[in-house]
Amino acid sequence: VQLQAFGGGLVQAGGSLRLSCAASGRAFRTYSVGWFRQAPGKEREFVAATRGSGGSTYYADSTKGRFTISRDNARNTVYLQLSSLKVEDTAVYFCAASQTLILSAVTIDTQYGYWGHGTLVTVSS
């Protein structure tokens, strides 16, 4: 599967953005998809994920209640709605996919085998 993330941009603190992760390939509904981000000088960190089977969702503590992950399997797309954005949310956001992800690994980036290019989100104060 190939992934393409887009929708990033410049937004003021408190604002919103919607990121999209478009996938090509068959059986997309069976893939778990995660969003990760990497800020300048920092390690990549988990943001949110949705499992392929059943569509359960998971969030990092820092994004819970502000970000919402959803998927439209008919469009082969996973969305990440960013709300109440903070300056510290500034980062390059990546989407990743796995067909074999187990529950205990949803937050671990090395467990995802497919990655898209990132999209930059910049939050200004």
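Scroll up to find the structure this text is about.
Residues numbered from 1 in each chain as written. Predicted model: local features only at pLDDT ≥ 70, side-chain atom pairs only at ≥ 80, totals over all residues. Heavy atoms only, no water.

**Observations concerning the packing of aromatic side chains**
Working step 1: Within this structure, the stated rule accounts for six aromatic pairs.
Working step 2: For the ring pair F36 and Y112, a centre distance of 5.2 Å and an interplane angle of 80 degrees mean the geometry is edge-to-face. Of the two residues, F36 is situated in strand β4 (residues 32–38) and Y112 in the loop between β9 (91–98) and β10 (114–115); the sequence distance between them amounts to 76 residues. By the burial criterion, F36 is buried, and Y112 matches it.
Working step 3: Among the aromatic side chains, those forming a connected cluster through ring pairs are F36, F46, F94, Y112 and W115.
Working step 4: If you follow R71 out to its NZ or CZ, it ends over the ring of F28, 4.9 Å from the centre. (Phe/Tyr/Trp six-rings, centres within 6.5 Å; stacked < 30°, edge-to-face > 60°. Helix = DSSP H or I, 4+ residues; strand = E, 2+ residues; numbered from the N terminus. Buried < 20%, exposed > 50% of the residue type's maximum accessible area, 1.4 Å probe, protein only. Lys NZ or Arg CZ within 6 Å of the ring centre and 35° of its normal.)

**Observations concerning the pairing of β4**
Working step 1: The buried fraction of β4 amounts to six of the seven residues, a majority that puts the element mostly inside the structure.
Working step 2: Bridge count for β4 against β9 is seven bridges, and the pairing is antiparallel. Among the inter-strand pairings, R37 is bridged to a residue of β9, identified as Y93.
Working step 3: Summarising the sheet, β4 and strand β5 (residues 45–50) pair through five bridges and their orientation is antiparallel. Bridge assignment links W35 to a residue of β5, and that residue is A48.
Working step 4: Linking β4 to β5, which pair antiparallel, is a turn of six residues; within it G41 sits at a positive phi near 75 degrees. (Pairing = 2+ DSSP bridges.)

**Here's the deal with the sheet that holds strand β7 (residues 67–72)**
Working step 1: Sheet architecture is open: four strands sit in the order β1-β3-β8-β7, paired in antiparallel fashion. Of all strands in the sheet, those with a lone pairing partner are β1 (2–6) and β7, marking the two edges. With direction set aside, neighbouring strand axes in the sheet form an average angle of 15 degrees. (Axes fitted to C-alpha atoms, helices over the stretch in contact; angles between N-to-C directions.)

**Concerning the side chain of R51**
Working step 1: Tracing the backbone shows R51 in the loop between β5 and β6 (57–59).
Working step 2: Buried and without a salt bridge, R51 has D109 as its closest oppositely charged side chain, separated by 16 Å.
Working step 3: The contact partners of R51, leaving out residues within four places of it in the chain, are Y31, S32, S56, Y58, R71, L101, I102, L103 and V106. (Lys, Arg positive; Asp, Glu negative; His and termini not counted. Salt bridge = Lys/Arg side-chain N within 4 Å of Asp/Glu carboxyl O. Contact = heavy atoms within 4.5 Å.)

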